Structures are given as structure tokens and as C-alpha cells.
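Residue-level structural notes
Residues per chain are reported as follows:
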Amino acid sequence: MPEDWDEDMDGEWEPPVIDNPDFKGEWRPKQIDNTNYQGEWEPEMIANPNYFEDEQLYIQKDIKYVGIDIWQVKAGSIFDNILITDDEDFARNLAKETFEASAAGEKEKKDAKDEDERKKREDERKAREAAEAEAEADDEQEDDIEDDESAFAEDAEVE
């Protein structure tokens, strides 16, 4: 950066750009033809004599335990009443009897908690705004006192 350069006045300094007469463009490796190239590679398909399609693969005999790995982003999630079945109608009916009955009570509790949190945030916001207004009023009062004491006030005595 030159000695007489002032970034506040002149902006950010950039060195001058000088063209290179020997520049021939961006470098790229040479392409040499491969005489042995046979096209894009594809795996060879070999028949598997032991392969068979199992239509009953998903059916499990007796499941005694369920393992669930849960990653929670927000606290308060509830996991209960786990059902494993292959009967869709049974699952729907059981959900109506159990889940839908308890969901209304859980929703009421959540709504009450959300309302309490909203009121708390609103009270905090009002307190913060009141404190800011009071601080601003104090600043204006101090400014008025300083203006009254200033030599430039309208009723200041001139010696």
C-alpha cells in the first residue's frame, strides 16, 4: 500500500493489474486418446443359483421387544402405546380408542403451557419497554439540565 494512501478517504487499496503477454489461458492437462477404451464400465451380471425371492420375508413370528432410538430437537415429545401389527383396521380402531381419547387432554395441557409462556414473554417485553422508556426519559431530563447550564442557552447571562 502506498504511504500516502488513506483507506477512509480512498477506499480499500488494490494493487494495479499488469497484463501478462505470455498467458495462454487456464491450464488443462493434455488429452491423450486411449486406444483400449471400451466404453463406460458396467459390472458383469453373473447368475446366482442360490437366489430366491421370499414372499414371506417381512413376516415375523413373535416380537417380544421394541428398540427405539430417538433424537429429539424439542423437549416435550411423548412416545407411548407402541403397536406393531399387520392389520390396518385393527390399528385404526385401537388408535381411536386410545390415542384420540388421550390426545385431547394432552392438547389442552400443551395449550395452557404455551399460553403461560406467551404471557411470560409479553410481561418481559413490557417490562423491558418500560425500562427503556424510563432510561430515555432520564436521558432527556439530563440533556435538558445540560442545556440549561450551557452558555448557549437562550436566557444565559453574557458577561
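Of regular secondary structure, the protein possesses three helices and zero strands. Of the regular secondary structure in the protein, the N- to C-terminal order runs α-α-α. Classification of the 159 residues of the protein by burial places 1% in the buried group. When the accessible area of the protein is evaluated, it comes to approximately 17,400 Å², of which 49% is carbon and sulfur surface.

Right, let's talk about a nonpolar patch on the surface for a bit. Taken together, the side chains of Ile63, Val66, Ile68, Ile70, Phe79, Ile82 and Ile84 present a nonpolar region at the surface, about 680 Å² in accessible area. Locating Ile70 in the fold gives a position in the loop between α1 (7-10) and α2 (88-97).

Before going further, it helps to spend a moment on the pattern of salt bridges. Two side chains bearing opposite charge may form a pair once their charged atoms approach each other closely. Counting across every chain of the model gives six salt bridges. Here Glu88 makes a salt bridge to Arg92, at a shortest N to O gap of 3.0 Å. In this pair, Glu88 and Arg92 are both assigned in helix α2, four residues apart and thus about one turn of the helix distant. Judged by its relative accessible area of 54%, Glu88 falls in the exposed class. Taking the relative accessible area as the measure of exposure, Arg92 reaches 48% and is therefore partly exposed. Through salt bridges that share partners, Glu122, Arg125 and Glu129 make up one connected network.

A surface patch of negative charge is lined by Glu3, Asp4, Asp6, Glu7, Asp8, Asp10, Glu12 and Glu14. Note that Asp10 resides in helix α1.

The rules behind each value
- Residues numbered from 1 in each chain as written.
- Predicted model: local features only at pLDDT ≥ 70, side-chain atom pairs only at ≥ 80, totals over all residues.
- Heavy atoms only, no water.
- Helix = DSSP H or I, 4+ residues; strand = E, 2+ residues; numbered from the N terminus.
- Buried < 20%, exposed > 50% of the residue type's maximum accessible area, 1.4 Å probe, protein only.
- Areas by Shrake-Rupley, 256 points an atom, 1.4 Å probe, with all protein chains shown as cover.
- Patch = residues over 30% accessible without salt bridge, like charges linked within 9 Å, V, L, I, M, F, W, Y side chains within 5 Å.
- Salt bridge = Lys/Arg side-chain N within 4 Å of Asp/Glu carboxyl O.
- Lys, Arg positive; Asp, Glu negative; His and termini not counted.
- Charge placed at Lys NZ, Arg CZ, Asp CG, Glu CD.

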